[in-house]
Amino acid sequence: MIRFIHLADVHLGFAPDRGFPWSGEREEEIWETFRRVIASISKNPVDCLFIAGDLFHRQPLLRELKEVNYLFSTIPDTRIFLMAGNHDYIRRDSFYRGFPWEPNVVFYQEEKPLTVKAAGLDVYVTGLSYQHQEIREPLYDALTPVEEDGFHVLLAHGGDEKHIPMNRKALAASGFDYIALGHIHKPEAVLRDKMIYPGDLEPLERNDMGERGYVEGRFENGRVKTRFVPFACRSYQKLVLTVREDSTQFSLEEMMKMDIMKRGGRNIYKVILQGTRAPETLLFPEKLMALGNVVEVLDETRPSYDLEALLRRYGGTLVGEYIAHFLEKDRTLVEEKALYYGIQALLENGFPTGK
Ligand SMILES: [Mn+2]
């Protein structure tokens, strides 16, 4: 049996949510979580660790490569297969070139596929590294595993037009037992137990909602079994606050603080205000942003106008025609907003009530 861990898109060196108070801490946490993965392998060793590109967010510094290599030295029984992705591509002057890796590390130097046998194991890993930020040729589609008995893995980064386009069907039929993908930050099993994007190790931006981590798997009797292991120290979450007619700024702030406390103060929230508010209530979304790790507040509330009553009252006036125009159709969210902003503007400007 072969046990392995597959991760990708760690993006060491990246500082998420630049400009927000927690950004620097997040940069540290990306390193720390990678270190935790290595520490957990040290405690419970696996045979192979596949790192499918973009370990670094940009060109690694020499001292950063030394730190990573030191971490690799702490898991000498694990064979590590490492490739450079489009973010940390091997530039002409990259410190990746000629770097003296530990003996348990296979680093793919070339931009053309190479198959390497794992020391002491019947494991064959095919991979390459990016030497350019973009590669538009489908370098993976025609590959097939070497004709040896064992566990055949393809380490592959990309899958969009500018980063080695992939024909998923061709890859699925290629004969590899497992295709360890990287590049797409949302975890996705393209093909169950066979072809998987583990996603980024830590969420890197506000749209990386939900859990993040790595894939753990085993190859036994010709079959692969995998499971996703959530490992990130925080997550981005959507927090919907329902506003009512009796809501006020303060009541909303209290509600949000409670919700954040319940769901974890470390997580980072995208807050969405929904529901109806009293027409005269003004909400200040920016004040909510100061009360937790809030990266964005979307105000989708609408004032609780009684449209039918307004229409009766303002029939034959500009306000009436304005309302009638919108009432006739199914309104999109934008039209809904336009309707209410419009009414508010017209009414607040002291529109005469008489005919
Ligand atoms: Mn990438």
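Residues numbered from 1 in each chain as written. Predicted model: local features only at pLDDT ≥ 70, side-chain atom pairs only at ≥ 80, totals over all residues.

Peer 1: Would you mind going over the environment of alanine 52 with me for this structure?
Peer 2: Relative to the elements of secondary structure, alanine 52 occurs in the loop between β2 (48-51) and α2 (62-73). C-alpha of alanine 52 to C-alpha of proline 198: the two residues are 146 residues apart in sequence and 9.3 Å apart in space. Contact partners of alanine 52, with chain neighbours within four places excluded, come to His6, Ala8, Met83, Leu155, Ala156, His157, Ala180, Leu181 and Gly182. (Helix = DSSP H or I, 4+ residues; strand = E, 2+ residues; numbered from the N terminus. Contact = placed C-beta atoms within 7 Å.)

Peer 1: Help me understand the pairing of strand β13 (residues 236-243) in this model?
Peer 2: As a general feature of sheets, a regular strand has side chains that alternate between the two faces. Here eight bridges tie β13 to strand β14 (residues 268-277), and the two strands are oriented parallel to one another. Each bridged residue has a counterpart across the sheet, and for threonine 242 the counterpart in β14 is glutamine 274. Following the chain from β13 across helix α4 (residues 249-263) to the adjacent parallel β14, one finds a crossover that is right-handed. (Pairing = 2+ DSSP bridges. Right-handed = clockwise from strand over helix to strand, strands pointing away.)

Peer 1: Sorry if this is basic, but what is going on with the sheet that holds strand β10 (residues 195-197) here?
Peer 2: Note on sheets: strands pair through backbone hydrogen bonds, and any given pair is parallel or antiparallel. Strand order in the open sheet made by the six strands is β5-β6-β7-β8-β10-β9, with mixed pairing throughout. Each having just a single partner strand, β5 (114-117) and β9 (188-191) make up the two edges of the open sheet. Within the sheet, the average angular offset between the axes of one strand and its neighbour, ignoring direction, is 20°. In this structure, β5 lies alongside strand β6 (residues 123-127), joined through four bridges in antiparallel fashion. Bridge assignment links leucine 114 to a residue of β6, and that residue is glycine 127. (Axes fitted to C-alpha atoms, helices over the stretch in contact; angles between N-to-C directions.)

Peer 1: Sorry if this is basic, but what is going on with the domain arrangement of the protein here?
Peer 2: Accessible area lost upon the coming together of the parts serves often as the stated size of an interface. Under the domain assignment used here, the protein contains domain 1 (2-230) and domain 2 (236-348). For domain 1 versus domain 2, the separation of C-alpha centres amounts to 44 Å. The partner domain 2 presents seven residues to the seven residues of domain 1 that form the contact. Grouping the amino acids of the side of domain 1 that touches domain 2 by side-chain chemistry returns four nonpolar, no polar and three charged. (Domains from an automatic or database assignment. Nonpolar A, V, L, I, M, F, W, Y, C, P; charged D, E, K, R; others polar.)

Peer 1: Before we go on, may I ask you to explain the sheet that holds strand β3 (residues 79-82) in this structure?
Peer 2: Ordered by their spatial adjacency, six strands build an open sheet running β4-β3-β2-β1-β11-β12, and the pairing between neighbours is mixed. A strand with exactly one partner marks an edge of an open sheet, and here the two such strands are β4 (105-107) and β12 (223-230). Across this sheet, the average inter-strand angle for adjacent strands is 20°, counted without regard to direction. As paired elements, β2 and β3 share four bridges and run parallel to each other. Bridge pairing in β3 links phenylalanine 50 to phenylalanine 81.

Peer 1: For this particular structure, what's the right way to read the nonpolar core?
Peer 2: Generally speaking, soluble globular proteins have nonpolar side chains that are buried together. Ranked by size, the top nonpolar core spans 63 residues in total, and within it Phe50, Ile51, Val153 and Leu155 carry the most contacts. If near-sequence neighbours (up to four positions away) are discounted, valine 153 is found in contact with Phe50, Val123, Val125, Phe176, Asp177, Tyr178 and Ala180. By size, the runner-up hydrophobic cluster in this structure holds eleven residues, among which are Met256, Val271, Leu273 and Leu288. (Core = buried A, V, L, I, M, F, W, Y, C linked by C-beta atoms within 7 Å. Buried ≥ 20, exposed ≤ 12 C-beta atoms within 10 Å, placed from the backbone.)

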